[in-house]
Amino acid sequence: MPPLPKAELHLHIEGTLEPELAFDLAARNGVALPYTGTEDLRKAYLFTDLQSFFDLYYELMAVLRTAEDFTELADAYLARAAAQGVRHAEIFFDPQAHTARGVPIGTVVEGLAHALDRADERHGVSTQLIMCFLRDRSADSAMATLDAAKPYLHHISGVGLDSAEAGNPPAKFREVYAAAESLGLRKVAHAGAEGPPAYIREALDILGVERVDHGLRAMEDPELVQRLVRERVPLTVCPLSNVRLRAVDTLEDHPLRAMMDAGLLVTVNSDDPAYFGGYVGDTFHAVREALGLDREQMRQLARNSFEASFLDHDEPRRRRYLDAVDTYEFGGS
Ligand code: ADE
Ligand code: ZN
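Rules used in this analysis
- Residues numbered from 1 in each chain as written.
- Chains lettered and ligands numbered in written order.
- Predicted model: local features only at pLDDT ≥ 70, side-chain atom pairs only at ≥ 80, totals over all residues.
- Heavy atoms only, no water.
- Donors = N, O, S within 2.8 Å, 3.2 Å for Na, K, Ca; no water.
- Tetrahedral: all angles 85-135°; square planar, octahedral: opposite > 155°, others 65-115°.
- Helix = DSSP H or I, 4+ residues; strand = E, 2+ residues; numbered from the N terminus.
- Buried < 20%, exposed > 50% of the residue type's maximum accessible area, 1.4 Å probe, protein only.
- Core = buried A, V, L, I, M, F, W, Y, C linked by side-chain atoms within 4.5 Å.
- Contact = heavy atoms within 4.5 Å.
- Expected span 1.5 Å × (residues − 1).
- Salt bridge = Lys/Arg side-chain N within 4 Å of Asp/Glu carboxyl O.
- Near = heavy atom within 4 Å.
- Polar contact = N/O pair within 3.5 Å; in protein donor to acceptor, adjacent residues only side chain to side chain.
- Areas by Shrake-Rupley, 256 points an atom, 1.4 Å probe, with all protein chains shown as cover.
- Nonpolar A, V, L, I, M, F, W, Y, C, P; charged D, E, K, R; others polar.
- Arc of directions from axis to C-beta.

## Some words on the coordination of the zinc ion (ligand 2)
Taken together, the protein ligands of the zinc ion (ligand 2) are H10 (NE2), H12 (NE2), H190 (NE2) and D271 (OD), with distances of 2.0 to 2.3 Å. Around the zinc ion (ligand 2), the 4 donor atoms are arranged such that angles at the metal cover 84 to 175 degrees; this shape is classified as irregular. Here the donor residues of the zinc ion (ligand 2) are spaced in sequence according to H-x1-H-x177-H-x80-D. Note that H190 is positioned in strand β5 (residues 186–191) and D271 in the loop between β8 (265–268) and α14 (273–276), a separation of 81 residues in sequence. As far as burial versus exposure is concerned, H190 and D271 are alike and both buried.

Following this line, the structure appears as structure tokens:
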């Protein structure tokens, strides 16, 4: 039985760095990692909060140095994602995390683009690239990053906002998002994972985002939920990430089902699959089990993923993907 076709819309490419590849790249690039091996490194994956995740996430990036490294990273993700039914992926990357280490933005973008440009042919996956700004850095740094990306915008569909949310409201990036819009870029932002519902409103009203990444805490604000339903704003939810970063206690406590029942356009994604215990197919499986979702709810999640994507309404492949979801036959289990 082939896996349910789906799009992945919330995936940090740096978060797909598996311990094995990290050690391979460390050896190739002469980078010393403070772990004795992959087993030892895996022990560091028990996070207590968002900061403990970031500490490891940024530390391991030190192994990514050349365009080939980024190509290999992206190609490994695309192969895994395709095997789990991903037909379309909109992929985040964090240029500032690399430029701060002396890796030029062109190396990052061209390395990733080399894998993405071949993804359709090699893996049967269509792709787009979304450049994220690190919200715990300054708005000036984000603007300089947008400026540095200008020669590479033919590879980039949109901008996003990630890293430590609390204390770094969307409004801080008002000018950067206005500049991105004037360059014809699409706009998304992480909001409402750690930050309050007010950050979701700001992302919509001040940044003009088309999709909200996470958006979990919208559930604390019924009026906001009504608005998100009315305006059909997609929320890219990442249940395994929410458990591992302690936004919810267990998967059984996750509000995904309540969000669907409220009529929200929710999608299910993996966020940082190497760190949070599963790729998107694993995540679909886990939420189905934990929340007791039925087949039609799983189909709805898959449908939502294509509906919420940046694929144009008149793109034939959008229709093809949706047809593949509608005609998908679930196996016996
Ligand atoms: N960057 C990578 N993963 C992230 C997450 N889970 N939240 C915020 N920023 C991130
Ligand atoms: Zn994320």
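## Regarding the nonpolar core
Of all hydrophobic cores here, the largest spans 111 residues; its most connected members are Y77 and Y275. Those residues within four positions of Y275 in sequence are excluded, and the remaining contacts are E14, G15, L17, Y45, F47, F53, L56, Y57, L60 and R244.

## Notes on helix α15 (residues 280–291)
The terminal C-alpha atoms of α15 lie 16 Å apart, and with 12 residues this matches the ideal 16 Å at 1.5 Å per residue to within 8%. Along α15, the positions that sit buried rather than exposed are V280, G281, T283, F284, A286, V287 and L291.

## Some points on the side chain of T145
Checked against the element boundaries, T145 lands in helix α8 (residues 139–148). By relative accessible area, T145 is classed as buried at 8%. Among all residues touching T145, those that are not within four sequence positions of it are P95, Q96, I105, M131 and F133.

## Here's the deal with the pattern of salt bridges
Taken as a whole, this structure holds 22 salt bridges when the rule is applied. Across the salt bridge formed by R28 and E72, the nearest N and O atoms sit 2.8 Å from each other. Taken together, the positions of R28 in helix α1 (residues 19–29) and E72 in helix α4 (residues 67–83) put the pair 44 residues apart, joining distant regions of the chain. On the basis of relative accessible area, R28 is assigned to the partly exposed category, the value being 45%. Residue classification places E72 among the partly exposed positions, given a relative accessible area of 33%. A salt bridge links R246 to D249, with the shortest nitrogen-to-oxygen separation between them at 3.8 Å. Connected through salt bridges with shared partners, the residues E18, E20, R42 and R80 form a single ionic network.

## Focus: the site of ligand 1
Contacts to ligand 1 come from H12, F53, F54, Y57, D162, S163, H190, L245, D271 and D272. Here a nitrogen atom of ligand 1 sits 2.8 Å away from a polar atom, N or O, in the main chain of S163. Separating a nitrogen atom of ligand 1 from a side-chain N or O atom of D271 is a distance of 2.9 Å. When ligand 1 is considered free in solution it has 260 Å² of accessible area, and contact with the protein chains removes 97% of it. By residue number, the principal contributor to the shell around ligand 1 is helix α3 (residues 50–60), which donates 3 residues. A breakdown of the residues in the shell around ligand 1 according to their chemical character gives 4 nonpolar, 3 polar and 3 charged.

## A look at α8
All of the buried residues in α8 are A142, T145 and L146. When α8 is viewed along its axis, its buried side chains cluster within an angular range of 100 degrees and face the same direction.

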